[in-house]
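# Remarks on the overall topology
One letter stands for each residue in the lines below.
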Protein chains: 2
Amino acid sequence: MKVTLVQDILDANRRVSAANKRRFDEHGLLVLNLMSSPGAGKTTLLEHCISALAGELAIGVIEGDIQTSLDADRIEAAGAAFAHQINTRGACHIDGNMIAPVVDEMDLDALDLLFVENVGNLVCPAEFDVGEDEKLVLFSVTEGDDKPKKYPLMFQVSGVMLVNKIDLLPHLDADLDKIHAHARDVHPDMRIFDISCKTGEGLDAFYGWLREAVARKKATRV
Amino acid sequence: MKVTLVQDILDANRRVSAANKRRFDEHGLLVLNLMSSPGAGKTTLLEHCISALAGELAIGVIEGDIQTSLDADRIEAAGAAFAHQINTRGACHIDGNMIAPVVDEMDLDALDLLFVENVGNLVCPAEFDVGEDEKLVLFSVTEGDDKPKKYPLMFQVSGVMLVNKIDLLPHLDADLDKIHAHARDVHPDMRIFDISCKTGEGLDAFYGWLREAVARKKATRV
């Protein structure tokens, strides 16, 4: 009975999210669902992307938080082309239904790239599509080597992993090779970027990937 | 309809958890529900407690993980008086129902202190009692100052906050005073311990609190 209900919720979300995706596709808009534990650095990464690619890509962000609009304030200050805060009122993830009314308000042609910054949670968001082209998991080296093994679904559903805070590696016991290996154990062709939002290391490679992914999506516009 | 169902689940959990708590109370056994984001250092903290208090307190641990028994293996190796791994099969938290059959197997008189190490998640575990005397939130300084504001329920329901990895503060922008202030904004009489499981700083104060809490609970035994 409980299982059936969970299944119904997931199926209903899949339908709504597929409708969201059709709308994004009609406009050739690339949508990325950015997920991580609390404090891994999602908002800081987006601030960097927005300012580094200013004048080149018009980036919008839908922020998901249980409470507060701290993140949308930061994103707006960074110069985003669109920023909207969803407060989930306790819910532990963003789903397609939460996104749909926001999409109604947006000028989809005014954007090149839309990020959905999910609630900080390495578990629940992995189960809910929002209509994205790709899921990205951001992982902080401070969380330890073993997390891809312990939270496998998140790493299975994400095509891209960003390993953040590598500037802290000299002060930690964490091993970057092990993080990569454990992630590839659950997702063999995972695309991985090692980055530091503090020193800027590795960000150019990620910006290059974003440029190419936006260009690929625009080329599919019908 | 959805809200009603969630309420039913929470009410049912409260009943089962109250029954668990009655059993713990009959034996004067202190039970602490340890919660945090993934990688904040829950298992490492428990390893330290078990070895530092060996010969003085018999400590048991019920480990909650979505997958793997890595944590219970570590807890057993540290010399715990009892270690049991619950794999939640995807669920994002531990609840009273998951604990109850484990309690059936345990010799409650053989323990002085039982930790329930929850799934790494700063959201969902806050909603589910397991039958504990106290909820503890472990927070890593690497997660940033603003988390108590963004995940308020976790900090509201937890009587104790352990702020971990303070050895990393010189390498971070995080501000310890702000973390304390934000936590006390949502929970004014929060008991706070600043610790480093790496250097050992602050752990003695926490061990002292554990000793006193165990003694207080034993004194209530009927």
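Overview of the structure. (Residues numbered from 1 in each chain as written. Chains lettered and ligands numbered in written order. Predicted model: local features only at pLDDT ≥ 70, side-chain atom pairs only at ≥ 80, totals over all residues. Heavy atoms only, no water.)

### Observations regarding the relation of the copies chain A and chain B
Aligned on chain B, chain A shows an RMSD of 0.0 Å; the corresponding rotation is 180 degrees and the shift along the axis is 0.0 Å. This pairing of chains is accounted for by a two-fold axis. Taken together, the interface assignments show that 100% of the residues at the interface of chain A recur at the interface of chain B, consistent with an identical surface on both copies. (Least-squares fit on C-alpha atoms with pLDDT ≥ 70 in both. Contact = heavy atoms within 4.5 Å.)

### Comments concerning the interface of chain A and chain B
Contacts between chain A and chain B engage 33 residues on the former and 34 residues on the latter. Of the roughly 2800 Å² buried between chain A and chain B, counting both surfaces, carbon and sulfur atoms make up 59%. Summed over the three residues of chain A that lose the most area to chain B, namely Pro38(A), Lys150(A) and His171(A), the buried surface amounts to 20% of that side. Inspection of the chain A/chain B interface yields six salt bridges. Note that Lys150(A) is salt-bridged to Asp65(B), the shortest N-O span being 3.5 Å. Applying the counting rule to chain A against chain B returns 12 residue pairs in polar contact (both at pLDDT 80 or more). Looking at the side of chain A that touches chain B, the elements with two or more residues in it are helix 3 (70-77) and helix 5 (147-150) of chain A. The element that contributes the greatest number of residues to the side of chain A that touches chain B is helix 5 of chain A, accounting for three residues. Residue classes in the side of chain A that touches chain B are distributed as 13 nonpolar, nine polar and 11 charged. (Buried area = accessible area lost by both parts, 1.4 Å probe. Salt bridge = Lys/Arg side-chain N within 4 Å of Asp/Glu carboxyl O. Polar contact = N/O pair within 3.5 Å; in protein donor to acceptor, adjacent residues only side chain to side chain. Helix = DSSP H or I, 4+ residues; strand = E, 2+ residues; numbered from the N terminus. Nonpolar A, V, L, I, M, F, W, Y, C, P; charged D, E, K, R; others polar.)

### Concerning the pairing of strand 1 (residues 30-35) of chain A
Residues and elements named next belong to chain A. Most of strand 1 sits inside the fold, with six of its six residues counted as buried. Residues Leu 30, Leu 32 and Leu 34 line one face of strand 1 and the alternating positions Val 31, Asn 33 and Met 35 line the opposite face, and both faces are buried. Sheet analysis places strand 1 next to strand 4 (residues 113-117), joined by five bridges and oriented parallel. When the bridges of strand 4 are listed, Leu 34 appears paired with Glu 117. Two elements, strand 1 and strand 5 (residues 134-140), share four bridges in a ladder whose sense is parallel. Bridged to Leu 32 within strand 5 is Glu 134. (Buried < 20%, exposed > 50% of the residue type's maximum accessible area, 1.4 Å probe, protein only. Pairing = 2+ DSSP bridges.)

### Focus: the sheet that holds strand 6 (residues 160-164) of chain A
Residues and elements named next belong to chain A. The sheet built from seven strands is open, its strands ordered 3-2-4-1-5-6-7 with parallel pairing. The sheet is open, and its two borders are formed by strand 3 (82-87) and strand 7 (191-194), each paired with just one other strand. For this sheet, the mean inter-axis angle between neighbouring strands, taken without regard to orientation, is 20 degrees. Direction of pairing for strand 5 relative to strand 6: parallel, over a ladder of five bridges. Considered in strand 6, the bridge of Leu 138 is made with Leu 162. Each of strand 5, strand 6 and strand 7 is contacted by helix 7 (residues 176-186), which is oriented at about 160 degrees to strand 6, the strand it contacts most. In this fold helix 8 (residues 203-219) packs onto strand 1, strand 4, strand 5, strand 6 and strand 7, with an angle of close to 140 degrees to the strand it touches most, strand 1. (Axes fitted to C-alpha atoms, helices over the stretch in contact; angles between N-to-C directions.)

### Comments concerning the pattern of salt bridges
Residues and elements named next belong to chain A. Under the defined criterion, the tally for this structure stands at 32 salt bridges over all chains. A salt bridge links Asp 11 to Arg 14; the shortest N-O distance between them is 3.0 Å. Here Asp 11 and its partner Arg 14 are both found in helix 1 (residues 2-26), three residues apart, which amounts to about one turn of the helix. Residue Asp 11 is classed as partly exposed on the basis of its relative accessible area of 29%. The exposure class assigned to Arg 14 is partly exposed, which follows from its relative accessible area of 43%. We note a salt bridge from Asp 112 to Lys 218, for which the minimum N-O separation is 2.6 Å. Placement of the pair is Asp 112 in the loop between helix 4 (96-105) and strand 4 and Lys 218 in helix 8, with a sequence separation of 106 residues. One network of salt bridges, in which partners are shared, links Lys 21, Asp 25, Asp 133 and Lys 217.

Keep in mind these numbers describe shape, not what the thing actually does.
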